[in-house]
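If you want the building blocks of each chain, they are given just below.
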Amino acid sequence: MISITETIAVPSPPKRVWEVLSSPSDVVSCIGGAELGAAHDDGSFDGTLVVKFGALRVRFAARVTLELTESELEGRLSARGRDGQGATRFSGNATFRVAEGEGPSDSRVTVDGEIQLTGKLASLIESGAGVVVSRMTKEFSAELVQRCAEPAELDTPPTAAPPPTGLLSRLRAWWARLRNVRQEPVGGAAEEGGRS
Amino acid sequence: MKAYEALAEAFVKEGTSDVFGMMGDANMHWMNALAQRGVRLYEVRHEGSGLGMADGWARTTGQPGVVTTTSGPGVSQLATSMVCASRARTPLVAFCGETAWGDEGATQYLDQRRFAAAIECEFVHLSRPDQAEEAVQRAFYLARTESRPVMLSAPMDIQQGTVEDADEYVPSTALLDRPRLLPDPSRIAAACDIIALSKRVVIIAGRGARRAGVGEQILGLQQRTGALLATTLQAKNWLCDRTEFHVGLSGLFGSKLAMELLQEADCVIGVGASLNSYTTEAGYLYPDAKYIQIDTSPHLVMGNGSVADCYIQADAVTGVTELDRALEQRAVRIEGFHTEEVLHRLTEPLQAPAEYLSELGLIDPREAIRVLDAELPGEIGLVLGSGHQVDFGTMLFQRSREVLSNYGMFGAIGQAPLLAIGQVVANGGKPGFVVEGDASFLMHLPEFETACRYELPLLVVVMNDEGLGAEFHKSAAKGLDPELALIPTPELGQVAVALGGGGATVRTIEELRAALAEYVRAPRPTVIDIRITRSVLSVPYRRLQYGEDV
Ligand SMILES: Cc1ncc(C[n+]2csc(CCOP(=O)(O)OP(=O)(O)O)c2C)c(N)n1
């Protein structure tokens, strides 16, 4: 299991940060390799995410749910899915909360969550998985800061059906926040050259 | 005739010429009988090591290797090497003595049948003197047909029993009549359908292809399909001097470029390769590919947990020839990867890193491998060892030469020098070298003395980082104390000399070159103790421990 506990300092007011974090397409744009798919009646989305583990590119597909509690500026993202080979399943969830930061125009975003990977990939990537997640979280944090600094976009006509890019972004966001990852030792990391 | 004589006679008829092991009450009569029949006996310092040598001998000749032990404690020594041979699917017969039949109170009593089951070998028991020949025939038959180790366990009192002079012994080979496996035409047609729709074909050649000598046919198929040629670890560097479109290894030990190119494949043709999880990275290396697999095995499940889209059960030569012929009939010709651009990219990884790390008195392991590859002629075969250091050799040796890797076969350190000794014996005393870590080499150090005693021209290159490098680096990655994995070593060059061989401990490239030149001039059992820096982390470790894209 990979756990994520991350605090991101964002130099934008909480309202703006919430705006970004509660918009799937905005969140997706902060995550390299994420795409949103179809939205379902129950409010969940499909999404895909390509993650690079070393030189291997692995494509995940997931069903993502995002529950927002606007009054608290709190959201809960959960996702479960599998990779393209069907050899690895994952499930994860993350709770994020936007709070006031140091100053009135600063925010603090806290993220708490965990990811469970089961299947072939888990043993293929050993400790590297945690590092990858942590790197993605860093990238996401940086993108989020930038995104929030931009003025809110007015140009998306409300009727324009978003291309299959919304849902996954949430998933991405969730992934991206996997930070300060503590990785449990992978059983059977045998002691040969690479792994065994 | 005594049963032990009948047993020895049968071993000779099975083709046994070299036996590794250690003598004891329960196998000494048999060993004497073998010696009288001209079989060469190699007395080793530990039975498990002897099994490792028999394993190397068998992997080289393709014939069952033979190891021998006395009862009980002789047998229990076999454990690690036996599991390793079993995982490597090595045909092998372990002739093990046993305490007197039924005497379970004997000091050296061991339930050898149960032990054999636990260490993953077949078991044949000699329960009556008159079954001596049958037992040997059965043991060899199993070893050959199942391609795995077999323990032939013979109580010492039964060995002393009398056998009627028997008829002519029928060796197990007389019971083998393997027809050529011709491919099913409908499968060939199905494979053509897949290939005809493909734009980026990769051919993966494995140990089976190399053994079958299907090189020319593979090169022809590669030409027609514009394929990249990759090999499994077991066929490392095979054909690399025959085609410019060779990407080296498929798997974790492949170069970054290889990994990038291979992930573009839309069709993989495996020849004599199981396409296991090492080769395919559990399938992740070929996310969009359809698989065609040519192999002799009746069933194969690949490393991604599936069967190939088109499985062709055939011997490699006929299978590839037929496939190529069918493609020709359909006038299939694909440019595929055979472009200027790919060619240009492929020539790059062959160049050495611009700068090697220089630390006082320590050598960069990557530079050590480059020098070894350059100075040791291609006729000198290589066995790859274990530990962190093995990654450097596995990735960086470029020259076309015979390479034997033990990676993934149970993951025990220390087996490689034993395999290498067996290989030198199998090759009739032709020089060979093994590249091994310090802890791995020291684990079976006494067997270097065995190599000296039999004047085997084996070069042991020790990549010495004075520690358990694998654990050192993993500890760092996991936040543990790396210092706990450091173990100083004496000057192994001097140790080798004391054991009766040649040796040098080298701390500079010049010293390394000089030591290699001396070995090449007059090959003899030699240890070159290369003091390497711990500051260079291998590419696989950087990928696995730090998720780096390197
Ligand atoms: C029989 C056995 N014991 C222990 C291990 C755990 N192990 C794996 S690699 C390794 C270190 C080997 O050190 P060395 O041979 O010096 O190579 P290095 O890692 O330093 O390159 C050890 C102890 C193992 N795989 N097999």
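Residues numbered from 1 in each chain as written. Chains lettered and ligands numbered in written order. Predicted model: local features only at pLDDT ≥ 70, side-chain atom pairs only at ≥ 80, totals over all residues. Heavy atoms only, no water.

Undergrad: I would appreciate a short explanation of the pairing of strand 6 (residues 88-100) of chain A in the present structure.
TA: Walk down a regular strand and you will see the side chains alternate between the two sheet faces. Residues and elements named next belong to chain A. Summarising the sheet, strand 5 (residues 74-83) and strand 6 pair through 9 bridges and their orientation is antiparallel. Paired with Arg76 across the two strands is Thr95, which belongs to strand 6. Pairing of strand 6 with strand 7 (residues 107-119), which is carried by 13 bridges, proceeds in the antiparallel orientation. Looking across to strand 7, one finds that Asn93 is bridged to Glu114. The hairpin turn running from strand 6 into strand 7, its antiparallel successor, is 6 residues long. (Pairing = 2+ DSSP bridges. Helix = DSSP H or I, 4+ residues; strand = E, 2+ residues; numbered from the N terminus.)

Undergrad: Looking at this structure, I do not really get the packing of helix 1 (residues 14-21) of chain A against helix 4 (residues 128-149) of chain A. What am I missing?
TA: The geometry of a pair of packed helices is captured by two quantities: the angle between their axes and the separation between those axes. Residue and element names in this part refer to chain A. Direction vectors running N to C along helix 1 and helix 4 enclose 120 degrees, while the axes themselves pass 10 Å from each other. The handedness of the crossing between helix 1 and helix 4 is right-handed. Of the residues in helix 4, those in contact with Arg16, Val17, Val20 and Leu21 of helix 1 are Phe140, Leu144, Arg147 and Cys148. Counted by class, the contact of helix 1 with helix 4 contains 6 nonpolar, no polar and 2 charged residues. (Axes fitted to C-alpha atoms, helices over the stretch in contact; angles between N-to-C directions. Left-handed = near helix turned anticlockwise from the far one by under 90°. Contact = heavy atoms within 4.5 Å. Nonpolar A, V, L, I, M, F, W, Y, C, P; charged D, E, K, R; others polar.)

Undergrad: Just to check I follow, could you spell out empty space enclosed by the protein for this structure?
TA: A water-sized probe, rolled over the atoms, reveals where empty space remains. This model, assessed by the stated rule, comprises 4 cavities of 30 Å³ or more. In terms of lining residues, the largest cavity is bounded by 12 residues, among which Phe53(A), Leu56(A), Leu124(A), Glu281(B) and Arg543(B) are the most central. When contributions to the lining of the largest cavity are tallied by element, the ones reaching two or more residues are helix 3 (120-125) of chain A together with helix 24 (539-546) of chain B. Class assignment of the residues belonging to the lining of the largest cavity gives a composition of 8 nonpolar, 1 polar and 3 charged. The space that makes up the second largest cavity amounts to roughly 50 Å³. As for the second largest cavity, its lining consists of Gly414(B), Pro417(B), Leu418(B), Ile421(B), Phe441(B), His444(B), Glu447(B), Phe448(B), Leu458(B) and Val460(B). Going through the elements one at a time, helix 18 (416-426), helix 20 (446-453) and strand 16 (458-464) of chain B are the ones with two or more residues in the lining of the second largest cavity. Counting residues per element, the lining of the second largest cavity draws most heavily on helix 18 of chain B, which supplies 3 residues. (1 Å grid on protein atoms, 1.4 Å probe; cavity = no way out; pocket = protein on both sides within 12 Å on 5 of 7 lines; lining within 4 Å. Points joined across faces, edges and corners; volume = space filled by probe spheres on them.)

Undergrad: Would you mind going over the interface of chain B and chain A with me for this structure?
TA: When the parts come together, some accessible area is lost, and that loss is often what is quoted as the size of the interface. At the junction of the two partners, chain B supplies 39 residues and chain A supplies 28 residues. Contact between chain B and chain A buries roughly 2,700 Å² in total, counting both sides, with carbon and sulfur atoms accounting for 47%. For chain B, the biggest contributors to the area lost against chain A are Gln263(B), Tyr284(B) and Leu544(B); these three give 27% of the whole. Where chain B touches chain A, the interface holds 1 salt bridge. Among the salt bridges present, the one from Lys52(A) reaches Asp549(B), with a minimum N-O distance of 2.5 Å. Taken together, the links from chain B to chain A amount to 11 residue pairs in polar contact (both at pLDDT 80 or more). It is helix 24 of chain B that provides the largest number of residues to the side of chain B that touches chain A, a total of 6 residues. Its residues assigned to classes, the side of chain B that touches chain A shows 18 nonpolar, 13 polar and 8 charged. (Buried area = accessible area lost by both parts, 1.4 Å probe. Salt bridge = Lys/Arg side-chain N within 4 Å of Asp/Glu carboxyl O. Polar contact = N/O pair within 3.5 Å; in protein donor to acceptor, adjacent residues only side chain to side chain.)

Undergrad: I tried to follow the pattern of salt bridges on my own but got confused; where do I start?
TA: It is possible for side chains of opposite charge to pair when their charged atoms get near one another. Enumeration according to the criterion identifies 36 salt bridges over all chains in this entry. As a salt-bridge pair, Asp364(B) and Arg366(B) come within 2.7 Å of each other at their nearest N and O atoms. Taking the relative accessible area as the measure of exposure, Arg366(B) reaches 24% and is therefore partly exposed. Among the ionic contacts, a cluster of salt bridges with common partners joins Lys52(A), Lys256(B), Glu260(B), Glu341(B), Arg345(B) and Asp549(B). (Buried < 20%, exposed > 50% of the residue type's maximum accessible area, 1.4 Å probe, protein only.)

Undergrad: Would you mind showing me how to read the sheet that holds strand 17 (residues 502-506) of chain B here?
TA: Pairing between sheet strands relies on hydrogen bonds along the backbone, with the strands arranged either parallel or antiparallel. All names here are of chain B. The strand order across the open sheet built from 6 strands is 14-13-15-16-18-17, with neighbouring strands paired in parallel fashion. A strand with exactly one partner marks an edge of an open sheet, and here the two such strands are strand 14 (403-405) and strand 17. Averaged over all neighbouring strand pairs, the angle between strand axes comes to 15 degrees, with direction disregarded. Contacting strand 15 (432-437), strand 16 and strand 18 (526-531), helix 16 (residues 365-375) runs over the sheet at an angle of about 165 degrees to strand 16.

Undergrad: Honestly, the side chain of Gln234(B) in this entry has me stumped. Any pointers?
TA: Residue placement: Gln234(B) occurs in the loop between strand 8 (228-231) and strand 9 (246-249). A distance of 3.0 Å separates the side chain of Gln234(B) from the backbone oxygen of Ser405(B), its partner in a polar contact.

Undergrad: For this particular structure, what's the right way to read the nonpolar core?
TA: Here is a general trend for soluble globular proteins: nonpolar side chains tend to be buried in one another's company. Leu21(A), Phe53(A), Val109(A), Leu144(A), Val202(B), Leu228(B) and Tyr286(B) are the most contacted members of the largest nonpolar core, which has 74 residues in total. Broken down by element, the residue count for this core peaks at 7 residues, all from helix 4 of chain A. Formed by 43 residues, the second largest nonpolar core is a distinct cluster that contains Cys96(B), Ile421(B), Val434(B) and Ala496(B). (Core = buried A, V, L, I, M, F, W, Y, C linked by side-chain atoms within 4.5 Å.)

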